[in-house]
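Each chain, letter by letter, is given below.
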Amino acid sequence: MKTFPQPGVLTLLASIVITCLLLFLFQKMIWFVVPFLLALMLCYCLRPAVSFLMVRGMSHEAAASAVWLLLQITAVVALIAGAFWAMAEAGAWRGDFSHYVSGGQNLIVNSIALIEKKVPPLQEMNLSAQAEQWLGQSSDRFIEKNLLPLTLLALKWLPSILLVPYLAYFMLIDAGRLKKYLIKSVPNAFFERALLLFSRLDESLQSYFQGLLQLTLLDAFFLALGLAALGIHHAIWLGLVTAMLAWIPYIGSLFGAILVVIIAATDFPEKAGVAYACLALFAGVRILDDLVFLPLTIGRKLHFHPVLSVLMLFLGATVAGTTGLVLVLPLFGVVAVVSESVAQVINDPKLKARYKVSRQLAVVAVSKSLQ
Amino acid sequence: MRFFGEDIKAQKVEMLKGVRVFRELSRKEILEVELLLHQRTYEQGEIVFEEGDPGHGIFIILSGKLRADPNCELLKEANLEFGPGELIGELSLFNESPRIATVVAVERTVVVALFQAEFSSLLIKNKSIGVKVLVEIARTLSHRARQLLLGEKHVPSL
């Protein structure tokens with residue numbers, strides 16, 4: 001991986017402002033941005049498979065079609081199997097949901113009661129009883145209140161999600177043609193710079209998405225391993241889901257930890273130690289993430305200073321909430337590369353002069369042809 | 001994103017087949033390479049690249065004529081005009097070294113450019129095409145090096 005030149009302060013500020021503006025816009029058309037990004041991610045993740053087939057003699061189009069078709073068949077089989085499984089287990093899931101919610105409530109109430117025992121002034125406030133009452137009422141209303149809106153939300157997102165494989169297919173097949181088409185409109189003077197810019201963008205995005213996938217798989221593996229060792233049911237699924245939740249920086253990991261702690265508290269109501277061990281496992285994987293996995297995957301590939309990354313995460317969350325948190329780093333990576341290239345062109349008097357001369361020559365050529 | 005109809009595609013294949021670098025490629029292989037080529041048109045007097053510019057790829061002339069104006073003494077005597085089928089900038093295909101001459105269009109010239117990063121990916125993904133193109137580039141390089149060493153009226157590598 002090449003180290004790109006560091007942008008100047010003005011370019012950096014411009015990149016930050018443009019990223020925030022784009023995040024604001026993206027939030028308004030989230031129905032398209034989400035499937036587009038998922039398709040882009042899918043496309044970059046499928047690229048190695050396409051390359052693998054091309055190395056073995058297939059043409060680009062045939063390799064891309066074969067990989068896409070294989071993915072579709074796998075997805076359809078998985079969906080059908082999932083639907084049958086969901087239909088068979090739906091009743092049990094409803095029971096499980098209530099079971100795990102009450103398990104989570106018990107954990108909270110028991111933890112507060114434990115603190116009350118240790119801190120006598122809190123005992124007088126009777127917090128555990130209040131919490132028990134409040135949680136009981138909330139959970140009763142939760143299913144009634146949220147089941148229909150959640151179902152409607154899922155149905156609303158269905159068309160967007162169905163767009164993902166189609167967008168990914170055309171990205172795989174036609175990305176090269178689209179790039180040629182875009183570069184065609186670049187004036188001759190900036191042609192090589194434009195090619196370099198596209199190459200860098202491609203490299204940054206590929207690094208980010210492939211890094212994210214690697215990070216998710218590493219997280220999922222270590223979390224599943226730890227959860228299985230602690231005796232938690234469905235350790236592999238939980239590991240995978242919580243690792244994917246970590247795509248939402250900070251908040252996602254927190255949700256993942258809460259989910260696993262609730263399941264642990266319900267599966268082992270008499271052993272509070274298991275729930276605490278799960279928390280310790282999450283903290284351990286988080287530390288491994290920050291110190292080992294992130295630098296090996298995403299961190300090494302997107303050249304951001306850690307302080308800048310955290311600043312961008314806060315800005316992203318402020319401008320566009322959870323959407324901003326998820327999108328801000330890859331978007332900032334793209335914007336930074338584009339801004340840096342544009343700044344280089346703007347600050348290069350030779351290129352500007354060449355562009356002016358080229359335009360004059362084109363006018364002369366057209367005038368001659370008309371005479 | 002199919003911007004080329006079959007007729008235009010066939011014309012393009014024929015045109016590229018006539019270029020020395022691609023002469024060993026089959027029709028199917030030319031179509032694969034065509035995806036990576038960027039066609040540009042330069043008006044008379046227009047600069048294609050300047051001496052000292054970071055080089056990112058080669059230019060293959062389809063029609064017209066280009067002239068190189070090097071500062072280097074060794075190349076002053078050389079015949080530095082390039083016509084259809086010839087390639088320029090091949091030294092930059094292997095590393096992003098600075099261009100050693102300024103190249104200007106003598107007349108309206110159509111070229112196709114092959115970018116270094118795309119050529120590298122071609123070498124990895126499609127070795128058969130990569131080797132054929134590479135052999136032709138190596139032939140051009142050795143021919144030009146030989147002319148330079150023997151002091152013939154040569155066309156140097158740029």
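Residues numbered from 1 in each chain as written. Chains lettered and ligands numbered in written order. Predicted model: local features only at pLDDT ≥ 70, side-chain atom pairs only at ≥ 80, totals over all residues.

Points about the overall build of chain A
For step 1, the next point in the chain: When helices and strands are tallied, chain A shows 12 helices and zero strands.
For step 2, the next point in the chain: Of the regular secondary structure in chain A, the N- to C-terminal order runs α-α-α-α-α-α-α-α-α-α-α-α.
For step 3, the next point in the chain: For a compact globule of 371 residues, the expected C-alpha radius of gyration is about 21 Å, and chain A comes in at 26 Å, more than 25% above that figure.
For step 4, the next point in the chain: Summarising its shape, the C-alpha atoms of chain A cover approximately 95 × 50 × 40 Å along the three principal directions.
For step 5, the next point in the chain: The proportion of buried residues among the 371 residues of chain A is 27%. (Helix = DSSP H or I, 4+ residues; strand = E, 2+ residues; numbered from the N terminus. Rg over C-alpha atoms; globule rule 2.2 N^0.38 Å. Buried ≥ 20, exposed ≤ 12 C-beta atoms within 10 Å, placed from the backbone.)

As for the confidence of the model for chain B
Residue and element names in this part refer to chain B.
For step 1, the next point in the chain: Mean pLDDT over chain B stands at 81; residues scoring 70 or higher make up 85%.
For step 2, the next point in the chain: Every residue in residues 1–6 is under pLDDT 50, and counting partners more than four places away or in other chains gives seven contacts.
For step 3, the next point in the chain: Across the whole predicted complex the pTM is 0.71, and at the interface the ipTM reaches 0.79. (pLDDT = per-residue confidence, 0-100. Contact = placed C-beta atoms within 7 Å.)

Remarks on the pairing of strand 8 (residues 109–115) of chain B
Residues and elements named next belong to chain B.
For step 1, the next point in the chain: Counting buried positions along strand 8 gives six out of seven residues, so the element sits mostly inside the fold.
For step 2, the next point in the chain: Note: strand 1 (residues 37–42) against strand 8, six bridges, orientation antiparallel. Looking at the pairing, Gln39 lines up with Val112 of strand 8.
For step 3, the next point in the chain: For strand 3 (residues 57–63) and strand 8, the ladder comprises six bridges, and the chain directions are antiparallel. Residue pairing in the sheet places Ile61 in a bridge with Val111 of strand 8. (Pairing = 2+ DSSP bridges.)

Details of helix 11 (residues 306–346) of chain A
For step 1, the next point in the chain: Taking 1.5 Å per residue as the helical rise, helix 11 of chain A with its 41 residues ought to reach 60 Å, whereas the 29 Å between its terminal C-alpha atoms falls clearly short.
For step 2, the next point in the chain: The largest bend in helix 11 of chain A amounts to roughly 145° and is located at A:Ala320. (Expected span 1.5 Å × (residues − 1). Bend = angle between axes of the 7 residues up to and from the residue.)

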